[in-house]
Amino acid sequence: QVQLVESGGGLVQAGGSLRLSCAASGSIFSINAMGWYRQAPGKQRELVAAITSGGITNYAYSVKGRFTISRDSAKNTVYLQMNSLRPEDTAVYYCAARRPGHGYDYWGQGTQVTVSS
């Protein structure tokens, strides 16, 4: 089992920045990638950014150039730095972990990000 705990959400004005953190614990040796998803009201959950154990990253087109995913292996923590935030970035952000041969099947509880115009 893997436990994920997010933090860092909040309310920010458009153009501002936030940094989300996701601390992983448990059987983290089984993880080969971690990602950040978000879900806005009335919309499907979408992958925002991901990072593999080898450090390869990928981003949703809507956040490229504004968001950066990174990790601190010593702290078993993944971060999502969000800059130039827009009202359409408002959502609950979830941290997720993936095992080889599986999809993202470990999830955090989510953290609310609200961007005011």
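Residues numbered from 1 in each chain as written. Predicted model: local features only at pLDDT ≥ 70, side-chain atom pairs only at ≥ 80, totals over all residues. Heavy atoms only, no water.

Caption draft 1: Region of interest: the state of the cysteines. Applying the stated criterion across every chain yields a total of one disulfide. Disulfide pairing is shown between Cys-22 and Cys-95; the S-S distance is 2.0 Å. Its S-S torsion of about -80° marks the bond between Cys-22 and Cys-95 as left-handed, since a negative value means left-handed. A residue pair is termed long-range when its members are at least 10 positions apart, and Cys-22 in strand S3 (residues 18-26) and Cys-95 in strand S9 (residues 91-98) qualify at 73 residues. (Disulfide = S-S within 2.5 Å. Helix = DSSP H or I, 4+ residues; strand = E, 2+ residues; numbered from the N terminus.)

Caption draft 2: View of unusual backbone geometry. Positive phi outside glycine occurs at Asn-76, with the angle close to 50°. With respect to the secondary-structure elements, Asn-76 resides in the loop between strand S7 (67-72) and strand S8 (77-82). Even without being a glycine, Ser-84 presents a positive backbone phi close to 50°. With respect to the helices and strands, the residue Ser-84 is situated in the loop between S8 and S9. When its relative accessible area of 40% is taken as the criterion, Ser-84 is described as partly exposed. (Buried < 20%, exposed > 50% of the residue type's maximum accessible area, 1.4 Å probe, protein only.)

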